[in-house]
Amino acid sequence: MFGVSSLATVTVEEISKIANTPKMFQFYFHKDRGLNDALLERARAANFNVLALTVDTITGGNRERDLRTGFTSPPKLTLDSLMSFATHPAWAWNFLTKEKFDMPHLSGYVSQGTNLAVSVGDYFSTMLDQSMNWNDAEKLCSQWNGQFALKGIMSVEDAKRAVDIGCTGIMVSNHGGRQLDGCRSPFDQLAEICDAVGDKIDVICEGGIQRGTHVLKALSVGAKACSGGRFYLFALAAAGQAGVERVLGNMRTEIERDMKLMGVTKLDQLSRDNLRFHPSR
Ligand SMILES: Cc1cc2nc3c(=O)[nH]c(=O)nc-3n(C[C@H](O)[C@H](O)[C@H](O)COP(=O)(O)O)c2cc1C
């Protein structure tokens, strides 16, 4: 399944034209309710199968490296960024000659335009609704009226509440560790969450998934699926489409090879017996 962000640089309509596999739209809950409605209806009209509401990014994490480097999307032209362009000529050439950076799902709702250089932190603090609560999530879930997940669940209590408001899935995730410093890892939370809601709702494990064995461990604990961000983004940055194809191919080969090495022929044979497992920790 392919997932795309509210902040994507490619529209859901364009994606829908080229991808007929299942698709998930990641939803950020904005202060502007008109924008929220428009995002939801666009995803529906483009035949997206799942809406995933991100609930762990009510405000941006303190991304100190971004603050130090002055990182914005698109990049600002400063002495530092010009130096960086000069030392990465292929990247700079692509940036300058390919289509302009844009966040088309937001254009029309940001008066200054979506090609403006803003930091991630600025976007979260000015655009997103920090008062989002369980009622908002429940309303959005019934407005979507289809497969609906909360992305960023890390506790049994919240997982149970997700079931109560009608979600069909949760992504056990800490946003790749990019938000709350000191947060536990999603894998460490997985067993107790699967025990509590795994028979009622699809549990997806994400964060640090890079290898076939990572997937097999998460499925052995009880996750239905895994999801990856930097797993494919690093490959994309390094080698474009060919890089992503390579990394997906590697993942498939690793999963198959590791299953053979484990003596497992079907995913439903994976269980906690595969792990030296201490549920109490
Ligand atoms: C460059 C980058 C951009 C991201 N943008 C979003 C986003 O727009 N919305 C969102 O819900 N999560 C976003 N995330 C978080 C990912 O969806 C995901 O939770 C995280 O990357 C999972 O960890 P992993 O990278 O270790 O697989 C982003 C992550 C990265 C690395």
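Helix and strand counts for the protein come out as eleven helices and seven strands. In summary, the protein has a C-alpha radius of gyration of 20 Å against a globular reference of 19 Å for 281 residues, a match within 12%. By principal-axis analysis of the C-alpha atoms, the protein measures approximately 55 × 45 × 40 Å. For the protein, contacts bridging at least 24 residues in sequence account for 64% of all contacts bridging at least 6. Of the roughly 16300 Å² of accessible surface on the protein, 53% is carried by carbon and sulfur atoms. Computing the positive centroid from 31 side-chain charges and the negative centroid from 31, the protein places the two 5 Å apart.

Its domain assignment divides the protein into domain 1 (2-58 + 128-274) and domain 2 (64-122). On a C-alpha basis, the centroid separation for the pair domain 1 and domain 2 is 26 Å. Taken together, both faces of the contact between domain 1 and domain 2 bury some 900 Å²; the carbon and sulfur share is 68%. The three residues of domain 1 that bury the most area against domain 2 are Leu-7, Thr-9 and Leu-35, which together make up 40% of that side's buried surface. Connecting domain 1 to domain 2 are zero salt bridges. Taken together, the connections running from domain 1 to domain 2 amount to two residue pairs in polar contact (both at pLDDT 80 or more). Ranked by residues supplied to the side of domain 1 that touches domain 2, first place goes to helix 2 (residues 33-45) with five residues.

What surrounds the ligand is a group of 16 residues, the closest being Ser-5, Thr-54, Glu-206, Gly-208 and Arg-230. Within the side chain of Tyr-28, an N or O atom sits 2.9 Å from a nitrogen atom of the ligand. In isolation the ligand has 610 Å² of accessible area, and contact with the protein removes 80% of it. Class assignment of the residues belonging to the shell around the ligand gives a composition of two nonpolar, ten polar and four charged.

With parallel pairing, seven strands are arranged side by side in an open sheet as 1-2-3-4-5-6-7. Edge strands, defined here as strands with exactly one partner in the open sheet, are strand 1 (2-4) and strand 7 (225-227). Pairs of neighbouring strands in the sheet enclose a mean axial angle of 25°, with direction left out of account. Looking at chain direction, strand 2 (residues 23-27) and strand 3 (residues 50-54) are connected through four bridges and run parallel. Looking at the pairing, Phe-25 lines up with Leu-51 of strand 3.

Take the packing of aromatic side chains next. According to the stated counting rule, one finds four aromatic pairs in the structure shown. Ring centres of Phe-85 and Trp-91 lie 5.6 Å apart, and the angle between their planes is 70°; this geometry places the pair in the edge-to-face category. Between Phe-85 and Phe-95, the ring centres sit 5.7 Å apart and the planes meet at 75°, which makes this aromatic pair edge-to-face. A residue pair is termed long-range when its members are at least 10 positions apart, and Phe-85 in helix 4 (residues 79-87) and Phe-95 in helix 5 (residues 89-97) qualify at ten residues. Among the residues examined, Phe-85 registers a relative accessible area of 11% and is labelled buried.

So, about the pattern of salt bridges. Should the charged atoms of two oppositely charged side chains come close, the side chains can pair. As enumerated under the stated definition, the model contains nine salt bridges in all. Where Arg-272 meets Asp-195, a salt bridge forms, and the shortest distance between an N and an O atom there is 2.9 Å. On the criterion of sequence distance, the pair formed by Arg-272 in the segment after helix 11 (230-262) and Asp-195 in helix 9 (residues 186-197) is long-range, its members being 77 residues apart. Classification of Arg-272 by relative accessible area gives partly exposed; the value is 24%.

Reading the values: rules and limits
- Residues numbered from 1 in each chain as written.
- Predicted model: local features only at pLDDT ≥ 70, side-chain atom pairs only at ≥ 80, totals over all residues.
- Heavy atoms only, no water.
- Helix = DSSP H or I, 4+ residues; strand = E, 2+ residues; numbered from the N terminus.
- Rg over C-alpha atoms; globule rule 2.2 N^0.38 Å.
- Contact = heavy atoms within 4.5 Å.
- Areas by Shrake-Rupley, 256 points an atom, 1.4 Å probe, with all protein chains shown as cover.
- Lys, Arg positive; Asp, Glu negative; His and termini not counted.
- Charge placed at Lys NZ, Arg CZ, Asp CG, Glu CD.
- Domains from an automatic or database assignment.
- Buried area = accessible area lost by both parts, 1.4 Å probe.
- Salt bridge = Lys/Arg side-chain N within 4 Å of Asp/Glu carboxyl O.
- Polar contact = N/O pair within 3.5 Å; in protein donor to acceptor, adjacent residues only side chain to side chain.
- Near = heavy atom within 4 Å.
- Nonpolar A, V, L, I, M, F, W, Y, C, P; charged D, E, K, R; others polar.
- Pairing = 2+ DSSP bridges.
- Axes fitted to C-alpha atoms, helices over the stretch in contact; angles between N-to-C directions.
- Phe/Tyr/Trp six-rings, centres within 6.5 Å; stacked < 30°, edge-to-face > 60°.
- Buried < 20%, exposed > 50% of the residue type's maximum accessible area, 1.4 Å probe, protein only.

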